[in-house]
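# Coordinates in review
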Amino acid sequence: MYGFTTIFIYALAAELCRRCCRILLAAFTGPLSKIPGPVIGKFTSWPWLIQVIKGNQMNIGPRLFQKYGPVVRVGPADILFADKAAIQKILVEDDFRKSHDYERIREDPHVASLITETDKVKYKQKRRQLSPAFSISYLNGLEALMHECIQVFTRVLDTKCNEAHGAVVIDMNRILAHLTSDVMSAASFGGSFNLVESDDNTQMNIFHSYMRRLALDAQFTFIKYLPGVPLASSEISVLINRIVSRRRQEMEKGIAKKDILQIFIDTNDADPVSFTDKHIEEEMILFMIAGSDTTSLTATFTLLLLLNNQEKLRELRAEIDSAFPSQDDTITFAKTQDLPYLNAVINESMRMMPIVTAGVVRLVPETTIICGYEIPKDTIVSTWISEMQRDPRIWRDPNSFIPERWISNYKGVAADRKAFMPFSAGSRNCIGQQFALKELRLILATLLQRYELSLVPGQSHELRVHTVPWFKQGFYNIGVKRRE
Ligand code: HEM
């Protein structure tokens, strides 16, 4: 007779065999088996996930598309898409729900923020609540506030130029991140963080380590439950609690504000059970991050592209000079919105160097056909907007910086706006798009109106992605000199 141990070993071996057979069957005969990709991706997502954790997916993804075409399998149920029709279907036409990755980055599984909410009905409700803070009339009311922050920025730059008696090298990546954080906090939380003035990077470092942790938490959910491991938000919480209690004190004194923070506090006061203090914290973290690094990086990338394309820089400067002939002319929302070359430059920069470089991820709700492939329910589909925006089937000279393509046909082809999604698309597109565009126009026009900008050679443009892209070298220097 067999002993218990022998039976157990046989049962274990049988179970292992069954699992291996299932994996092999799915790898070679399942509907996804027809999709090209690295062989290892048929069995496991790990090699791909390691690249994601290292922040290297934006460098590896394009190589995979070059090798395998616009649809690539990187895991048993993990597919990357760079094809325009596929991306349109996933994000806009079928508007698939967000994948579980977004749920995994919640600190408390029951507390979702606008970005981590995957339930469509609850999401709609959250978005409706916030819409007053993004209406055109509300945004127009922020103009004076943005000006105040930009004035501090120019004052700091002027001082640095004066001290250097001419040109000075500035880490534009850092000062612009401080500026957009100041704008975001002034517009949404009732007071600027004053980071441009203080040049204190502590807060940005806290944000950056938070974003690194999110990348880890998204893959290893258990980390946050390990004893002794602090929550990703532990340092940001202190800052947020300070801001919220200051606002509550102001409310007690009858001081009224109408910004994003107020919407969160009012929602909490009306229903403290379903919208808790933790909800306020999660939403504020989202806005601090979504609203600052994104815009500052877009501005930095735009300057980088202009400095590497001097004739485009001259063309833009000529447009700004003719719209604002004196350096004392105020740069306004209304005027910059109508400057065709400025807007074309911003579009072209966001086409070539969008912030979301490494896939906007969704979950397939029901088996469907995409790009001729059968994609089963629960497959994770990543839409690579950055690849689509450089697709040579859509864009002439896709790797060249040609703002003109946004003004008239370039080489007989008009810019395809359906293949341009720097703010994502569909129901989960960026709520802050108009806020960001208004801010970007003011910042870029002000910089060109007041300063000569010059390339600092020998710098690396290499990027890493942890939620948003970062310069691997940690800075991006630009020469700055007051214009005569
Ligand atoms: C140039 C600047 C910006 C770019 C390129 C950008 C881009 C994006 C993209 C691509 C998404 C979708 C991400 C995803 O689905 O995973 C997004 C979402 C979001 N953005 Fe922006 N953004 C910018 C500025 C802003 C600003 C200034 C704010 C706030 C004032 C903001 C607030 C948000 C929020 C709250 C979401 C989440 C929306 C949701 O999940 O439904 N963004 N942004």
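Cut-offs and rules
Residues numbered from 1 in each chain as written. Predicted model: local features only at pLDDT ≥ 70, side-chain atom pairs only at ≥ 80, totals over all residues. Heavy atoms only, no water. UniProt positions renumbered as here; feature names shortened; annotations may be inferred. Helix = DSSP H or I, 4+ residues; strand = E, 2+ residues; numbered from the N terminus. Rg over C-alpha atoms; globule rule 2.2 N^0.38 Å. Buried < 20%, exposed > 50% of the residue type's maximum accessible area, 1.4 Å probe, protein only. Contact = heavy atoms within 4.5 Å. Areas by Shrake-Rupley, 256 points an atom, 1.4 Å probe, with all protein chains shown as cover. Pairing = 2+ DSSP bridges. Donors = N, O, S within 2.8 Å, 3.2 Å for Na, K, Ca; no water. Patch = residues over 30% accessible without salt bridge, like charges linked within 9 Å, V, L, I, M, F, W, Y side chains within 5 Å. Salt bridge = Lys/Arg side-chain N within 4 Å of Asp/Glu carboxyl O. Expected span 1.5 Å × (residues − 1). Disulfide = S-S within 2.5 Å. Near = heavy atom within 4 Å. Polar contact = N/O pair within 3.5 Å; in protein donor to acceptor, adjacent residues only side chain to side chain. Nonpolar A, V, L, I, M, F, W, Y, C, P; charged D, E, K, R; others polar. Axes fitted to C-alpha atoms, helices over the stretch in contact; angles between N-to-C directions. Phe/Tyr/Trp six-rings, centres within 6.5 Å; stacked < 30°, edge-to-face > 60°.

Under an unreviewed UniProt entry, the name given to the protein is Cytochrome P450, and the source organism is Hyaloscypha hepaticicola. As its UniProt record puts it under Cofactor (unreviewed entry), the protein is described as follows: "heme".

If you tally the helices and strands in the protein, you get 20 helices and twelve strands. Expected size for 484 residues packed as a compact globule is a radius of gyration near 23 Å; at 25 Å, the protein falls within 12% of this value. Each of the three principal axes of the protein carries a C-alpha extent, and together these read 95 × 60 × 40 Å. Counting over 484 residues, the protein shows a buried share of 54%. Long-range pairs, those at least 24 residues apart, make up 71% of the contacts in the protein between residues at least 6 apart in sequence. If you sum the accessible surface of the protein, you get close to 22100 Å²; carbon and sulfur atoms cover 57% of it.

So, on to the sheet that holds strand E1 (residues 71-75). With respect to topology, five strands assemble into an open sheet ordered E1-E2-E8-E5-E3, the strand pairing being mixed. Taken across any chain shown, the strands that pair with only one partner, and hence form the sheet edges, are E1 and strand E3 (97-98). Note: strand E5 (residues 360-363) against strand E8 (residues 380-383), four bridges, orientation antiparallel. When the sheet's bridge partners are listed, arginine 362 is paired in E8 with valine 381.

Here we come to the coordination of the iron atom of the ligand. Only one protein atom coordinates the iron atom of the ligand: Cys430 (SG), located 2.3 Å from the metal. Here cysteine 430 lies in the loop between helix H19 (385-388) and helix H20 (433-450).

Attention now goes to a nonpolar patch on the surface. On the surface, a cluster of nonpolar side chains totalling about 580 Å² of accessible area is made up of Phe4, Phe8, Ile9, Leu12 and Leu16. You can see leucine 12 is positioned in helix H1 (residues 4-28).

Take helix H8 (residues 143-164) next. With 22 residues, H8 extends 31 Å between its outermost C-alpha atoms, agreeing within 8% with the 32 Å of an ideal straight helix rising 1.5 Å per residue. Considered for burial, the residues of H8 that qualify are Glu143, Met146, His147, Cys149, Ile150, Val152, Phe153, Thr154, Val156, Leu157, Asp158 and Cys161.

Under the counting rule described, the total for this entry stands at zero disulfides. As a non-bridged cysteine, cysteine 161 has cysteine 149 as the owner of its nearest cysteine sulfur, 20 Å distant. Assessed through its relative accessible area of 2%, cysteine 161 is described here as buried.

Our next topic: the site of the ligand. Near the ligand you find 29 residues, and of these Lys98, Tyr102, Tyr123, Arg428 and Cys430 are the closest. The side chain of tyrosine 102 places a nitrogen or oxygen atom 2.6 Å from an oxygen atom of the ligand. Residue tyrosine 123 places a side-chain N or O atom 2.4 Å away from an oxygen atom belonging to the ligand. Residues of the shell around the ligand, tallied by class, amount to 18 nonpolar, seven polar and four charged.

The next subject is the UniProt feature "binding site: heme" (unreviewed entry) in the protein. Under the present numbering, the feature "binding site: heme" (unreviewed entry) in UniProt falls on Cys430. In this structure, cysteine 430 is in contact with Arg127 and Phe423, ignoring residues within four places of it in sequence.

Before going further, it helps to spend a moment on the sheet that holds strand E12 (residues 477-482). Consider a sheet: its strands pair through backbone hydrogen bonds, and that pairing is either parallel or antiparallel. Reading across the sheet, the three strands line up as E4-E12-E9 and stay open at both edges, with antiparallel pairing between neighbours. The open sheet has two edge strands with one neighbour each: strand E4 (168-171) and strand E9 (451-455). On average, adjacent strands in this sheet sit at an angle of 40° to one another, irrespective of strand direction. The pairing of E4 with E12 spans four bridges and is classified as antiparallel. Paired with valine 169 across the two strands is glycine 479, which belongs to E12. Sheet contacts for helix H15 (residues 293-307): E9 and E12; angle to E9, the most-contacted strand, approximately 75°.

One ladder, built from four bridges, connects strand E2 (residues 78-81) with E8; its direction is parallel. The residue bridging isoleucine 79 from the neighbouring strand is valine 381, located in E8.

One pass over the full model with this rule turns up nine aromatic pairs. Ring plane angle 65° and centroid distance 5.6 Å describe the contact between phenylalanine 65 and tryptophan 384, whose orientation is recorded as edge-to-face. On the criterion of sequence distance, the pair formed by phenylalanine 65 in helix H3 (residues 57-68) and tryptophan 384 in the loop between E8 and H19 is long-range, its members being 319 residues apart. Of the residues examined, phenylalanine 65 reaches a relative accessible area of 7% and is grouped as buried. When the ring of phenylalanine 301 is compared with that of phenylalanine 471, the centres are 5.8 Å apart and the planes differ by 70°; the resulting orientation is edge-to-face. Of this pair, phenylalanine 301 sits in helix H15 while phenylalanine 471 sits in strand E11 (residues 468-471), and the two are 170 residues apart along the sequence.

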